[in-house]
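Analysis of the macromolecular model
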Amino acid sequence: MSTTSTEPVRPGRASLLYDPKIRGYVYQLALLAIVGFLIYSAASNAIENLRAQKIASGFGFWHNASGFDVNQKLIPYDASTGTYGRAFYVGLLNTLLVAAIGIVLSTFLGFFVGVARLSTNWVVAKIAMVYVEVIRNLPLLLQLFFWYNAVLKPLPNPRQSIQLPAGFLLNNRGLYIPDPHLGPGGSLIVWAFLLGIVATLVFRHWARKQQAATGKQYPIGLVALGLIVVLPLLIYFVTGRPVSFVYPELAGFNLRGGIQIFPEFVALLLGLTTYTAGFIAEVVRAGILAVSKGQTEAANALGLRAGPTLKLVVIPQAMRVIIPPLTSNYLNLTKNSSLAVAIGYPDLVQVFTGTVLNQTGQAVEVVAITMAVYLTISLVTSLFMNIYNRRMALVER
């Protein structure tokens, strides 16, 4: 007669590698070891190459004399007394200048084209569609060459400069504008202008809170016009018009006086603005289409016309969809500005990674600094856009 054992079966000791947590730790340690080995190999190879070429590593070159000039500079810089560190700041400011202006212009143009794509006017909608499709499908570098070589270079020489209103002159060496000089009391006009901007922002914040609480609207546009434009004009006349202008005039084969805006800057700005605006337009169009049609129908039922409906109902809701991809386009515009080296605009890449690197041979240090700068700009831009995005996000109950 057979008997059945009732003792529990004890499983054998399983390998630690069958534990998912232990196995995950092992894989992560192996990956870290591989990455560390690659970094060590690259660093050792770079050190050996620098030693073989008798190039000293470090940042001692920062205070050495540069010996080259830069045509566009926002801070004082001279070839005879300037240093490589000073040249870095010149290139950095040029990059920030074109990126900041490009972001503002591309945002306005992109919103205009994006709204135009949804226009009920067939001609306007098709023109906007052609613009978006053509601009987005052409390489940015090719567009920069077009603006620089096909649009700006064929302009007449300084002797045959094109006369524009308000004393502006346009030729193949750039756009010349009058140079303002502040006399005694002129600083009051600048302070009045800055104060007007701050006061406008404060009034706008207060007016929106009042509208949300009571429903009453305030003329923000008229108040802004009075504070930013009318107030400085009043200070200008009260202080005896202390602002004078030095107009550009022909002297020999060139122009003297005034402020010169170089064609490289104009070509880069036009290229970045029109290119990025094509992508922003599609983002805006997608954001508007994401808003329920019932919102528009409800606004129409309340008697709102198309313009106020778009401004007060559709766009505020669409911004919640628009802002995240809009941030990516801002970052792309800033990074795409490095293509300025192709048309000779003295941005950070052209001045620092180009000229400074070639003269000093400090490739590792120069490239590392340049990478850190673009990374910092991107992170700061993302930080501010994320703050704005949180302010625009829906607050759930």
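Anything mentioned here points back to the structure above.
Here is a short report on the structure shown in this document. The model shown is predicted, which means the values in this text are computed figures rather than measured ones.

1. Regarding the overall build of the protein chain
Across its full length, the protein chain holds 11 helices and 8 strands. Rg of the C-alpha trace for the protein chain: 30 Å, well past the compact-globule value of 21 Å for 397 residues, more than 25% over. In terms of its C-alpha atoms, the protein chain occupies a principal-axis envelope of roughly 120 × 75 × 45 Å. In the protein chain, which comprises 397 residues, the proportion classed as buried is 31%. For the protein chain, the accessible surface area stands at approximately 25,000 Å², while carbon and sulfur atoms represent 66% of it. Across the protein chain, 29 positive and 14 negative side-chain charges occur, with their mean positions spaced 10 Å apart.

2. Description of a nonpolar patch on the surface
Residues L182, V190, W191, F193, L194, I197 and L201 make up a contiguous nonpolar surface patch of about 680 Å² in total accessible area. Tracing the backbone through its elements, the reader meets L194 in helix 5 (residues 186–214).

3. Side note on the packing of aromatic side chains
For any pair of aromatic rings, geometry is given as the distance between the ring centres together with the angle between the planes. Scanning all chains against the criterion turns up 15 aromatic pairs. Where W62 meets F352, the ring centres are 6.1 Å apart and the plane angle is 70°; that geometry is what we call edge-to-face. One end of the pair, W62, is in the loop between helix 1 (20–52) and helix 2 (84–117); the other, F352, is in helix 10 (residues 348–360), and 290 residues separate them in sequence. On the basis of relative accessible area, W62 is assigned to the buried category, the value being 18%. Of the aromatic side chains, those joined through ring pairs into one cluster are W62, F88, Y89 and F352.

What counts and how
Residues numbered from 1 in each chain as written. Predicted model: local features only at pLDDT ≥ 70, side-chain atom pairs only at ≥ 80, totals over all residues. Heavy atoms only, no water. Helix = DSSP H or I, 4+ residues; strand = E, 2+ residues; numbered from the N terminus. Rg over C-alpha atoms; globule rule 2.2 N^0.38 Å. Buried < 20%, exposed > 50% of the residue type's maximum accessible area, 1.4 Å probe, protein only. Areas by Shrake-Rupley, 256 points an atom, 1.4 Å probe, with all protein chains shown as cover. Lys, Arg positive; Asp, Glu negative; His and termini not counted. Charge placed at Lys NZ, Arg CZ, Asp CG, Glu CD. Patch = residues over 30% accessible without salt bridge, like charges linked within 9 Å, V, L, I, M, F, W, Y side chains within 5 Å. Salt bridge = Lys/Arg side-chain N within 4 Å of Asp/Glu carboxyl O. Phe/Tyr/Trp six-rings, centres within 6.5 Å; stacked < 30°, edge-to-face > 60°.

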